[in-house]
Amino acid sequence: MLINKTKLSAGLFHFINYLKKVIFLKTSFSFLSPAPQNIYLIPGTECNSHCIMCLNWLLKTKQISFKNWKKVIDNIRKLSPYAKVNISGGEVLMPGEMLKTVNYSISQLPYTGITTNGFNVDKKMAKSLISKGFSNINISFDGNTKNTVNLIRGRSFAYKKTKDAIVFLINERNRQRSKTKIIVKSVIMGLNFRELPALVVYLKKLGIDGIYFQPISPIYGSDQTIEQLKRSSLWIKKQKFKSLKAVINRLIEMKKMDYPILNDFGHLYSIINYFDPNKIQLEILKNINNFCDIDTTSLFIVANGNVYYCLNSFPPIGNILKNSLCEIVNSKKATLQRKFIRKCGRASQCLSTCLYKKSILQQAKMFLFLK
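Residues numbered from 1 in each chain as written. Predicted model: local features only at pLDDT ≥ 70, side-chain atom pairs only at ≥ 80, totals over all residues. Heavy atoms only, no water.

The next thing to look at is the overall build of the chain. Scanning the chain from terminus to terminus reveals 14 helices and nine strands. Expressed as a percentage of the 371 residues in the chain, the buried residues total 51%. Carbon and sulfur atoms make up 57% of the accessible area of the chain, which amounts to about 17900 Å² in all. (Helix = DSSP H or I, 4+ residues; strand = E, 2+ residues; numbered from the N terminus. Buried < 20%, exposed > 50% of the residue type's maximum accessible area, 1.4 Å probe, protein only. Areas by Shrake-Rupley, 256 points an atom, 1.4 Å probe, with all protein chains shown as cover.)

Ranked by internal contacts, the top residues of the largest apolar core, which has 92 residues, are Leu41, Ile188 and Phe275. Ranked by residues supplied to this core, first place goes to helix α9 (residues 241-256) with seven residues. Beyond its immediate chain neighbours, meaning those up to four positions away, Phe275 contacts Ile188, Pro215, Ile216, Trp235, Ile236, Phe241 and Leu244. (Core = buried A, V, L, I, M, F, W, Y, C linked by side-chain atoms within 4.5 Å. Contact = heavy atoms within 4.5 Å.)

Once that is clear, we can look at the side chain of Asn48. Relative to the helices and strands, Asn48 is located in the loop between β1 (38-41) and α2 (66-79). Polar contacts involving the side chain of Asn48 include one to the side chain of Asn117, which spans 2.9 Å. Among the polar contacts made by the side chain of Asn48, one reaches the side chain of Asn120 at a distance of 3.4 Å. Those residues in contact with Asn48 that lie beyond four places of it in its chain are Glu91, Met94, Asn117, Phe119, Asn120, Arg155 and Phe157. (Polar contact = N/O pair within 3.5 Å; in protein donor to acceptor, adjacent residues only side chain to side chain.)

What follows covers the pairing of strand β5 (residues 181-188). The buried fraction of β5 is high, at seven of eight residues. Bridging between β5 and strand β6 (residues 210-215) involves six bridges; their strand directions are parallel. Along β6, the bridge assignment pairs Ser186 with Phe213. Between the parallel pair β5 and β6, the chain is carried across by helix α7 (residues 196-206), and the sense of this crossover is right-handed. (Pairing = 2+ DSSP bridges. Right-handed = clockwise from strand over helix to strand, strands pointing away.)

Within this structure, the stated rule accounts for eight aromatic pairs. Both rings, one in Tyr40 and one in Phe300, keep their centres 4.8 Å apart while their planes meet at 15°; by these two values the pair is stacked. Of this pair, Tyr40 sits in strand β1 while Phe300 sits in strand β7 (residues 298-301); the two residues are 260 residues apart in sequence, bridging distant segments of the chain. Summarising the burial analysis for this pair, Tyr40 and Phe300 share the class buried. (Phe/Tyr/Trp six-rings, centres within 6.5 Å; stacked < 30°, edge-to-face > 60°.)

Moving on to helix α13 (residues 332-342). Side chains that are three or four residues apart share a direction in an α-helix, a result of its 3.6 residues per turn. Residues of α13 that are buried include every one of Ala334, Gln337, Arg338, Ile341 and Arg342, and no others. Down the axis of α13, the buried side of the element spans an arc of 140°, and every buried residue falls inside it. Facing away from the buried side of α13 by over 90 degrees, the exposed positions are Lys332, Lys339 and Phe340. (Arc of directions from axis to C-beta.)

Glancing now at the sheet that holds β1. Pairing is mixed across the open sheet formed by nine strands, whose spatial order is β6-β5-β4-β3-β2-β1-β7-β8-β9. Two strands bound the open sheet, and with one partner strand each, they are β6 and β9 (318-319). Two elements, β1 and strand β2 (residues 84-87), share four bridges in a ladder whose sense is parallel. Paired with Leu41 across the bridge in β2 is Ile87.

A few words on the pattern of salt bridges. Tallying each qualifying case throughout the model produces 11 salt bridges. The shortest N-O distance in the salt bridge between Asp74 and Lys70 comes to 3.9 Å. Of this pair, Asp74 and Lys70 are both found in helix α2, four residues apart, which corresponds to roughly one turn of the helix. Assessed through its relative accessible area of 25%, Asp74 is described here as partly exposed. Residue Lys70 is classed as partly exposed on the basis of its relative accessible area, which comes to 34%. When salt bridges that share partners are traced, they join Asp295, Arg338 and Arg342 into one network. (Salt bridge = Lys/Arg side-chain N within 4 Å of Asp/Glu carboxyl O.)

Right, let's talk about the environment of Lys181 for a bit. Mapped onto the elements of the fold, Lys181 is located in strand β5. The class for Lys181 is buried, based on a relative accessible area of 17%. Residues Lys181 and Gly210, spaced 29 residues apart in sequence, show a C-alpha to C-alpha distance of 7.8 Å.

Right, here's the structure in full:
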């Protein structure tokens, strides 16, 4: 009964929030500003994986204390109590401040999810994680062979550890009859794209709830540009584009056959355009005035306390060490930045799963899936 009441309250909250968003986008009345539906917490960059497409594990990022993260989570309860909260790192299941933040969030916010590489997930931890009632546990798994996964993750044990973690979590979810969704997230790049259809087949046999693909993109919080990324070995070059197109079309066909691919069809087609050496510049020019409303849906809070509407193109709107989260999102700086976000014109390049624009129907479908 309590669960049904929570779901009913969450549904009503998001329905009213959506109406506020529609009116706000037409009028810009600040009192109708919608609460963020998706809040991304990145409490640290410390990681036991050495991913070649990330490099955050090399950074000595200043990190705020758990005491401050506790205040953030308490603020989220006031600002948007039924938001989908996603916690990532770094590696969130390493002992320390990040794990404390994860545990406190799930105790206070009913729709908390995490992203992990699975290296620390054994049978005992899988049992504990499932019992906590996360809405979803995302596992990063970027290939279907030992050589590929170990190369990408920079660890000789990566393939086995992550594969075992997926099995442990699925088995424990089934044993506890839990509603926690076990989801694999995979980054598409030059090193792994040919293996992705086989990965989907393997994960379906295991009983995974969903697989989410996103194309490789510049590292968040870094000075890396899309042009620099294109020159690296991680990009899918012109001579491989025909093979990539065949792979994505195969994934589209698999989705039609009810394989558990969570990307909508539009997102999958956009991935083809994203890598297309002949079309990408035309797409960018065509969408130069492409409308963006990420500020009405998402909020990002990173390890040093900075708060962002968009990690890709805009500076922080504040820092939680100086102001509360509620004060930050209602500040003049936030209001001003929202005007520039509307005219950013880069929405066609934002294909990470946290940034990709979804229709209201797609949002509702994902809400029901995760709830």
